[in-house]
Every structure is written in C-alpha cells, then in structure tokens.
Amino acid sequence: MTEPLGKRIPAAPEPTVETVEYWQAADAHKLMIGRCHGCGEAYFYPRSRCPRCLSADTGLEQAEGSGTVYSYSIMRRAKIPYAIAYVTLAEGPTMMTNIVDCAIDHISIGMPVSLVFVESDGGSPVPVFKPAGEFAG
Amino acid sequence: MSIRNQACIAGIYEHPTRNAADISLAALHGDVIAGALADAGLDKGDVDGFFCDSDAPGLGALSMLDYLGMRVRHVEASESGGATYLSQVAHAAEAIAAGKMKVAVISMAGRPRADAAAGGVAPRPFPPSTPDLQFELPYGAELVNEYALAAMRHMYEYGTTAEQLAWVKVAASHHAQHNPLAMLPKVVTVEDVLGSPMIADPLHRMDCCIVSDGGGAIVVVSPDVAASLKQPVVKVLGHGEAVKHQNGGQIDLTFSAAAYSGADAFAEAGVTPSDIDYASIYDSFTITVITQLEDLGFCAKGDGGRFVADGGLISGVGRLPVNTDGGGLCNNHPGYRGGMTKIIEAVRQLRGQAAPQVQVKNCRLALAQAMGGSLGTRHAAATLILERH
Ligand SMILES: [Zn+2]
C-alpha cells in the first residue's frame, strides 16, 4: 500500500470563452481564483458573476498555492490508481484536484499541500497538489 | 396553499426487464405507461397530464406524446436526475389542485446496459459548455469517486466505518432474496462487502448500485377520480425539493440537499420521522443512504452509521425498514436513475402489496427519498411523504 501514485495524464480541459483567461494563466503555471469586487468573496471555480451576490464586478486573482486536504479518494478501478481530492486553499475556497508525488497511504484529511502543475493530454497544464511541510518527500 | 391531500397515486408499474437489448427506449416508456394505467384501472383517454425527464427519446414529451398518440392539457419535461419523479408527483399534485388536470402519468425508462453492449459511451455525456466540468473532468472525477469523497469525509468527522457502510448493502440483499426480479438476490454479509474489490476508497464494489435497464411509471389523480378506482388509495401528504452544490467553493460534504427537502416535506405533511412506517431511500451508494437518513432526521447527524448497523434497515428486524424491493444496490437501477422505483415500492408497502416476507405490518405512512446528480459535487434531492387512505 506504500506504492507511489502513478503518473496519470489528466484529460485536456475544455475552456469556454468565459474561462480562457484561467487556462492561459495555467499555461504560465499560475492558479487563479475568482474574486468579487462587490462583496469581496473569493470563489472557485472562476466565473463572470459572483456566486454570492451575483455582481458582474469580478476578476481573477492568483492563489498563493497552499492548502489542506478536505477529502480524498483513491480511484482503484483505473489502470493507474490516482487520488482525487478537494483541497481548501489558503484564500478560502475549496477546489477539486489531484494529489500527486505521494505514497497512496500517506494521503490524509487535513494534510498540508502545495501547488504543482502537470501536463494534460494535449491541453493546458492542470493545477494539482503535492504534500507540503513535514508531509513532503 | 399546500398539496396535502390534493392528489393520490392510483397506479404504479415497474418494468420487469433488467436488460432491454430487444426493447427500444420509446417502447419501454410505452410498456410502463400502459402498465401503470392498467394498474389504476384507467384508459389512455383519461390522461390529461404527462411528465417525463430529459432522457426520454427525441424531443422528450413531444416525441413521447406523438409515439403514444396522446393529447394532454398539462406537460412537464423536467430534470433533476434520479430525483425528478418525486418532484413530478408533487408538481402533478399542484396542477391537479389548481384544476389544470385530473389524471397525470409520470414515465421514466432507460437502457444503459443495452446501450453499452451496443458500443454506447459512458453515462451522462454533458456538453463541453457545462461550466463546472472543465474544473473536474481533467482530474478523473466520476460519480463513484465523488461519492467516495463524501464517504471519506463522513468517516473522518463522525467515525463512520466501512462495516457500517456495508450494513446498507447487507439489508438490501436480505430484502432482494424475496424479489424474483432482483438482479442480485443473494444474501451477502458485511465480510462479503469488505472483501469485494475496492473501487474508490472507501467504497467497495458492493457499496455501489447496479446498472440496469428498465423503468417505471406512476399515475397521479385527483381525489374524486381516486375514489372510483380499484387500487387502495395512496394520498400525497407532503413534498420538498432542493439543490445543493459547491457553493462557490464553500464545500461541506457531510450533508445533502435532503436536509432541505426533508424538512419541507415533513412540515407540509404535518408528521415527524418517528411517524414513518417505511422509507425508500435512494441508494446509489451505501453512503448515500446513511447521509440522507441523517438529513431527514431519522437519526442525529453523524449517527447514520450506527443507525444502519446490525440490521438496522432490515424489515421486521431493524429500526426502520428501508428499500424492501432490494433497492438500487440489489434489485434494479434503471437508467442510472433511482427515484421512480423508490416511489413504487413505497406505494406497494402502503397498499400491502410488497413481498409478504418484507411487508411492513399496518403500513400507514411512507417516505420516498431520492437524489439526482452527485453527493460530492452538485445534486438535487426530493422527498415525498405518502399516506394510506
Ligand atoms: Zn459578490
């Protein structure tokens, strides 16, 4: 069970006109979250209107790239087992992602993680997370 | 205005097939509609309302009404996944109360097994314009590992165990042995569930519902029509429906939209969970049942694992008889949608027409609960409370 998670190649994201900017930032290895200039809410996934107050006065803001695991699951039915997770970012919102560079049984809820990008299957790289702090290595 | 006592369920029909390789989707709808009308003792010409979901063939209700040669005054093709039909029973009751119709038929059918055998694609091919999926599909998010995220968090917060999850499946199998149509009629143990292959931690294969073809239909009528029909009358007492989602990233996977839909349904019905004699609880996965039982108030939040353990859901044995047809875990799960069969078994219990070994004695009040979508991301929930007349 201490086997490392395999190198799974994520499917290519399919941006819409609303999310081109998010994925262009990902090309530069930046993780962006939504920020409402009306009510101040930080949110994920990014969208043109604030999901709290419906203001269109919104923009993208770079996340610092640290967070903690809110929940996770190892997909064993796949050829290469992989870890799906929700990571709560330092800025507040929780996002779906993968945990990488980690032995399967070392993942735990509450574990600190830091941002890395992995190449997708022909699209923009996608933001994933690896163990951080004392959990790293 | 309330729908309490404004409408009755007068006809039900569950398609006997579990593999519809030689039955088209439209024909499945035709079969279940004809079956439910016959059960009610009504004719096609009596029907003046039609309800279906977005999986109905062609243009949905338009194509189906053409296929059936039917003319109605009230049409609804709505979509909240497997919860659709519970909401449609209530919407039909609302339209009946408003005088818009007297006899509604609600139809669902699906043939994912036949489609897969014919080279069909994975379920639910959402269009790329779907705003959320580009942030989820690259990570390999599927229904099973999304529900697993909720299960894992439930275990972390409340100490729920894999053994407790397994008890949901064990209870379903105890019921399924008495259902000659059940796909998985063999009684299983907690050890069997824990010994089945891990699919997505902490969910084993036996924590997951089956995939089947088939469908079902329900006839909802006004009380005056119901009074003249042959089947025992089942009254619609209360309903609630709600959607829960990621909320912009403020995510809490420990509860479902059943917390909202259940509260509304109990308030409308004027009853409490302890009044319920039988419950159909959507069982896409074992965690789905535990979460909804808590959210509906059958036990405190976090106590769901203990509530279902040691046969807690087995009819005649446990605290609350749940899914006495074997449910989606053992009987059938047509079209990846569990709600229709949930209503049908609740009506059977209220009529006294469940399998004798699982029939709840003097069953007066039943609850049906369904969920559509994913507990781990976004889902609809709907609750119906029904009463024997
Ligand atoms: Zn705002």
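Reading the values: rules and limits
Residues numbered from 1 in each chain as written. Chains lettered and ligands numbered in written order. Predicted model: local features only at pLDDT ≥ 70, side-chain atom pairs only at ≥ 80, totals over all residues. Heavy atoms only, no water. Helix = DSSP H or I, 4+ residues; strand = E, 2+ residues; numbered from the N terminus. Rg over C-alpha atoms; globule rule 2.2 N^0.38 Å. Buried < 20%, exposed > 50% of the residue type's maximum accessible area, 1.4 Å probe, protein only. Contact = heavy atoms within 4.5 Å. Lys, Arg positive; Asp, Glu negative; His and termini not counted. Charge placed at Lys NZ, Arg CZ, Asp CG, Glu CD. Core = buried A, V, L, I, M, F, W, Y, C linked by side-chain atoms within 4.5 Å. 1 Å grid on protein atoms, 1.4 Å probe; cavity = no way out; pocket = protein on both sides within 12 Å on 5 of 7 lines; lining within 4 Å. Points joined across faces, edges and corners; volume = space filled by probe spheres on them. Nonpolar A, V, L, I, M, F, W, Y, C, P; charged D, E, K, R; others polar. Pairing = 2+ DSSP bridges. pLDDT = per-residue confidence, 0-100. Polar contact = N/O pair within 3.5 Å; in protein donor to acceptor, adjacent residues only side chain to side chain.

The name an unreviewed UniProt entry assigns to chain B is Thiolase domain-containing protein, from the organism Hoeflea algicola.

In the annotation of an unreviewed UniProt entry, chain A is listed under the name OB-fold domain-containing protein and assigned to Hoeflea algicola.

A.B. asks: An account of the overall build of chain B is requested, with residue identities and associated values reported.
C.D. replies: The number of helices and strands found in chain B is 13 helices and eleven strands. For 389 residues, the compact-globule formula gives about 21 Å, and the C-alpha radius of gyration of chain B, at 19 Å, lands near that figure. Counting only C-alpha atoms, chain B reaches 55 × 45 × 40 Å along its principal axes. Looking at chain B residue by residue over its 389 residues, the buried ones come to 65%. For chain B, restricting intrachain contacts to residue pairs at least 6 apart in sequence, the fraction spanning at least 24 positions comes to 76%. Across chain B, the mean location of the 28 positive side-chain charges is 5 Å away from that of the 40 negative side-chain charges.

A.B. asks: Can you lay out the nonpolar core for me, pointing to particular residues and giving the numbers?
C.D. replies: Ranked by internal contacts, the top residues of the largest apolar core, which has 134 residues, are Ile99 of chain A together with Ile9, Val220, Phe298 and Ile385 of chain B. Filtering out sequence-adjacent residues up to four positions away, Val220 of chain B remains in contact with Ala7, Cys8, Ile9, Val89, Ala92, Ile96, Lys102, Val103, Ala104 and Ile106 of chain B.

A.B. asks: Got a sec to walk through empty space enclosed by the protein? Specific residues and values, please.
C.D. replies: Vacant regions in the atomic arrangement are exposed by a probe of water-molecule size rolled over the atoms. One pass over the structure, following the stated rule, counts three cavities of 30 Å³ or more. Reported here for the largest cavity is a volume of approximately 60 Å³. Around the largest cavity, the lining residues are Phe44, Tyr45, Tyr86, Thr94, Met95 and Met96 of chain A together with Phe135, Glu136, Gln246 and Ile251 of chain B. With three residues, strand 6 (residues 94-99) of chain A is the single largest residue contributor to the lining of the largest cavity. Class assignment of the residues belonging to the lining of the largest cavity gives a composition of seven nonpolar, two polar and one charged.

A.B. asks: Pulling in residues and values, what's your account of the pairing of strand 1 (residues 32-36) of chain A?
C.D. replies: All names here are of chain A. Where burial is concerned, most of strand 1 is hidden: four out of the five residues are buried. Pairing analysis gives five bridges linking strand 1 to strand 3 (residues 58-62), with the strands arranged antiparallel. Among the inter-strand pairings, Met32 is bridged to a residue of strand 3, identified as Gln62. Looking at chain direction, strand 1 and strand 2 (residues 42-43) are connected through two bridges and run antiparallel. Across the sheet, the residue bridging to Gly34 is Tyr43, located in strand 2.

A.B. asks: Report on the confidence of the model for chain B, specifying residues and quantitative values.
C.D. replies: On average, chain B scores 96 in pLDDT, and the residues at 70 or more come to 98%. Two summary scores accompany this predicted model of the complex, namely pTM at 0.97 and ipTM at 0.96.

A.B. asks: Please set out the environment of Arg47 of chain A residue by residue, giving values where relevant.
C.D. replies: Structurally, Arg47 of chain A can be placed in the loop between strand 2 and strand 3. Among the residues examined, Arg47 of chain A registers a relative accessible area of 22% and is labelled partly exposed. Separated by 13 residues in sequence, Arg47 of chain A and Leu60 of chain A have C-alpha atoms that sit 8.9 Å apart. Every residue in contact with Arg47 of chain A, bar those within four places of it in the chain, is listed here: Glu18 and Thr58 of chain A together with Gly248 of chain B. At 3.4 Å, the side chain of Arg47 of chain A forms a polar contact with the backbone oxygen of Phe44 of chain A.

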